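Commentary on secondary and tertiary structure
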Amino acid sequence: METSQRQTYLDWLRIISIAGVLFFHSAMPYVAEDGWHIKNHETSSLLMESNHFLHLFRMPLLFFISGTVSYYMMQRRSTLSFIGLRFRRLFIPLLVGMFIIVPPQIYMERLNSGFKGSYWDFYKTVFNFVPYPKGSFSWHHLWFIAYLLIYDLIFAPMFAWMISPKSDAFKQKLASLANGKWVYLLMLPGIIWFALLSEKLPETNDLAHDGCYFVYWLLFLLAGFICILQPKLMDSLERNRRFALSMGFLTLMIWECMRWNKVEPGYANWPFQSNLFNYLFIALRPTIAWGWVLALVGYGKHYLNRKHAILNYLNQAVYPFYILHQTVIVVVVYYIVQTQNESILSKYIYTVGITFFVSVLIYHLFIRPYALTRFLFGMKPKGKSKPAMQVEKEDVKPVVVLSA
């Protein structure tokens, strides 16, 4: 017997994912090649390689965990109630972000590019609603919230059906994937989709021109929902965690060795003429992502499914922290890049440290204690938060499944 009780390891993985986002965005001003809002005069190719590795699986893991969150939020709720909850938890913070949190990032970028006006002179241009970069209206790093909102709105009816008794036959069929390593068939749609379309439709995060990645991220979210819907699949990921890590590691090593030796499409060292091999090379990237995501879930379930006194605090803090962190980074970096005789490493370490310090204190002092700010940042009303492993009456109903 097992219930749909929220699992602690998912909360730990969510926290780890947001920590990864902090390290990733803090490095962006200092990495070579990749453009960003404010860049240091000197950049690092090695730091860029670390960011490339993190970028392969940081957002896929977040979307996978978000799929499990959507599952828990559907419990004891109608489709309309679920949609209302997602509007409150996602749409309101997105609006707050676009009109309050993100504009300072754009203003600091404008200053860095030579703009001489005051913040008020700049802020009035936000209401021209001209999309960034031509204008000052953007969701920047909050694209994740916008995409998640759209996914939940579109799939709410399907989610409601999947958790209902009407889908019992479907859930039993899913259980067959838990045998052996069949669960990894969940990877195939995302790998094929990415291989076929990622070169033609590169990542933009602007929704309108992001056809490949919009579906690619969605497939991770659906995989998370399906795996938590049928707990035998999560058990299979735990049992096969070494296989997933091996797959993620080996494909990463193949991809990196080929890249560093310029054995890739478009270079003289690429020995293949057939487009099939081009697609196979591109398919390495989503294979790495799926391998690492499913390995982290499997290892997390095995080692992180335990309570800790600080978990409830961290679990509440990560969402506001995510909303705040990039604005803090851009403001801090505007001044850091002007310093002389400082190494890239020292600037990077300082960026991580001061961003963490400022973001946590803003959350603790000005968001967490007050009902209004909790609402604006998508948090539950004060007093309703409970430890991760405790069943929340408003979020969870028991579901009987066959044990693995």
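Residues numbered from 1 in each chain as written. Predicted model: local features only at pLDDT ≥ 70, side-chain atom pairs only at ≥ 80, totals over all residues. Heavy atoms only, no water.

A word on the overall build of the protein chain. When you go through the protein chain residue by residue, the secondary structure sums to 15 helices and zero strands. Relative to the 2.2 N^0.38 estimate, which gives 22 Å for 404 residues, the radius of gyration of the protein chain is 22 Å and therefore close to what a compact globule would have. Judged by the C-alpha coordinates and their principal axes, the protein chain covers about 65 × 60 × 40 Å. In the protein chain, the proportion of contacts linking residues at least 24 apart, taken out of those at least 6 apart, comes to 76%. Within the structure as shown, the protein chain displays about 18900 Å² of accessible surface, and the carbon and sulfur contribution to it stands at 66%. Where the 37 positive side-chain charges of the protein chain centre and where its 22 negative ones centre are 10 Å apart. (Helix = DSSP H or I, 4+ residues; strand = E, 2+ residues; numbered from the N terminus. Rg over C-alpha atoms; globule rule 2.2 N^0.38 Å. Contact = heavy atoms within 4.5 Å. Areas by Shrake-Rupley, 256 points an atom, 1.4 Å probe, with all protein chains shown as cover. Lys, Arg positive; Asp, Glu negative; His and termini not counted. Charge placed at Lys NZ, Arg CZ, Asp CG, Glu CD.)

Looking now at the layout of surface pockets. The calculated volume of the second largest pocket comes to roughly 240 Å³. Taken together, Ile15, Ile18, Ala19, Leu22, Tyr313, Leu314, Ala317, Val318, Phe321, Phe356, Val360 and Tyr363 form the lining of the second largest pocket. Elements that contribute at least two residues to the lining of the second largest pocket include exactly helix H1 (8-27), helix H13 (311-336) and helix H14 (344-367). Its residues placed into classes, the lining of the second largest pocket shows twelve nonpolar, no polar and no charged. (1 Å grid on protein atoms, 1.4 Å probe; cavity = no way out; pocket = protein on both sides within 12 Å on 5 of 7 lines; lining within 4 Å. Points joined across faces, edges and corners; volume = space filled by probe spheres on them. Nonpolar A, V, L, I, M, F, W, Y, C, P; charged D, E, K, R; others polar.)

Another point: the packing of helix H6 (residues 143-163) against helix H9 (residues 211-229). Contact pair H6 / H9: the axes reach a minimum separation of 10 Å and the direction vectors enclose 45°. Classified by the interaxial angle, the pair formed by H6 and H9 is oblique. When the axes of H6 and H9 are compared, the crossing they make is right-handed. Across the interface between the two elements, Trp143, Tyr147, Leu148, Ile150, Tyr151, Phe155, Met158, Phe159, Met162 and Ile163 of H6 pack against Tyr213, Phe214, Trp217, Leu218, Leu221, Leu222, Phe225, Ile226 and Leu229 of H9. (Axes fitted to C-alpha atoms, helices over the stretch in contact; angles between N-to-C directions. Parallel < 35°, antiparallel > 145°, perpendicular 65-115°, else oblique. Left-handed = near helix turned anticlockwise from the far one by under 90°.)

Looking now at the nonpolar core. Counting 129 residues, the largest nonpolar core has Phe63 and Phe64 as its most contacted members. Those residues in contact with phenylalanine 64 that lie beyond four places of it in its chain are Phe220, Leu221, Ala223, Gly224, Cys227, Met234, Leu237, Val293, Leu294 and Val297. (Core = buried A, V, L, I, M, F, W, Y, C linked by side-chain atoms within 4.5 Å. Buried < 20%, exposed > 50% of the residue type's maximum accessible area, 1.4 Å probe, protein only.)

Moving on to the packing of aromatic side chains. One pass over the structure, following the stated rule, counts 47 aromatic pairs. When the ring centre of phenylalanine 24 is taken as origin, the NZ or CZ atom of arginine 58, which lies over that ring, is 3.6 Å away. (Phe/Tyr/Trp six-rings, centres within 6.5 Å; stacked < 30°, edge-to-face > 60°. Lys NZ or Arg CZ within 6 Å of the ring centre and 35° of its normal.)

Once that is clear, we can look at unusual backbone geometry. For the bond running from tyrosine 132 to proline 133, omega is 10°, close enough to zero to count as cis. Counting through the fold element by element, proline 133 comes out in the loop between helix H5 (119-123) and H6. A positive phi angle is found at phenylalanine 129, which is not glycine, with a value near 55°. One can find phenylalanine 129 in the loop between H5 and H6. Look at phenylalanine 129 and you get partly exposed, because its relative accessible area is 45%. Positive phi, close to 45°, is recorded for histidine 140, a residue that is not glycine.

With 29 residues, helix H12 (residues 275-303) should reach 42 Å at 1.5 Å per residue; the first-to-last C-alpha distance of 42 Å fits that figure. The largest bend in H12 comes to about 25°, at leucine 284, with the proline proline 286 one to four residues further on. Of the residues that open H12, the one with a side-chain oxygen 3.1 Å from the backbone nitrogen of leucine 276 is serine 274. (Expected span 1.5 Å × (residues − 1). Bend = angle between axes of the 7 residues up to and from the residue. Polar contact = N/O pair within 3.5 Å; in protein donor to acceptor, adjacent residues only side chain to side chain.)

Further remarks concern the pattern of salt bridges. Here the structure, examined in full by the defined rule, presents six salt bridges. The salt bridge involving arginine 259 is made with glutamate 49; its shortest N-O contact spans 3.0 Å. With a gap of 210 residues between them, arginine 259 in helix H11 (residues 241-260) and glutamate 49 in helix H2 (residues 45-73) connect regions that are remote in the sequence. Neither residue differs from the other here; arginine 259 and glutamate 49 are each classed as buried. A single salt-bridge network, built from bridges that share partners, covers Glu49, Glu256 and Arg259. (Salt bridge = Lys/Arg side-chain N within 4 Å of Asp/Glu carboxyl O.)

Attention now moves to the confidence of the model for the protein chain. Mean pLDDT over the protein chain works out to 92, with 93% of the residues at or above the 70 mark. Confidence drops under a pLDDT of 50 for residues 385-404, and excluding neighbours within four residues, the segment shows 56 contacts in the predicted structure. (pLDDT = per-residue confidence, 0-100.)

It is the rolling of a water-molecule-sized probe over the atoms that shows where space remains empty. Applying the stated rule across the entire model yields five cavities of 30 Å³ or more. The computed volume of the second largest cavity comes to approximately 70 Å³. Counting only elements with at least two residues in the lining of the second largest cavity, the list comes to H2, H9 and H12.

Attention shifts here to a nonpolar patch on the surface. Nonpolar side chains collect at one region of the surface, where Trp182, Leu185, Leu188, Ile192, Leu196 and Tyr279 lie side by side and expose about 570 Å² of accessible area between them. Among the elements that line the nonpolar patch, the one with the most residues is helix H8 (residues 188-197), at three residues. Tracing the backbone shows tryptophan 182 in the loop between helix H7 (168-175) and H8. On the basis of relative accessible area, tryptophan 182 is assigned to the exposed category, the value being 52%. (Patch = residues over 30% accessible without salt bridge, like charges linked within 9 Å, V, L, I, M, F, W, Y side chains within 5 Å.)

Attention now moves to H14. For H14, spanning 24 residues, the distance from its first C-alpha to its last is 32 Å, which sits close to the expected 34 Å at 1.5 Å a residue. Buried within H14 we find Ile344, Lys347, Tyr348, Thr351, Val352, Thr355, Ser359, Tyr363 and Ile367.

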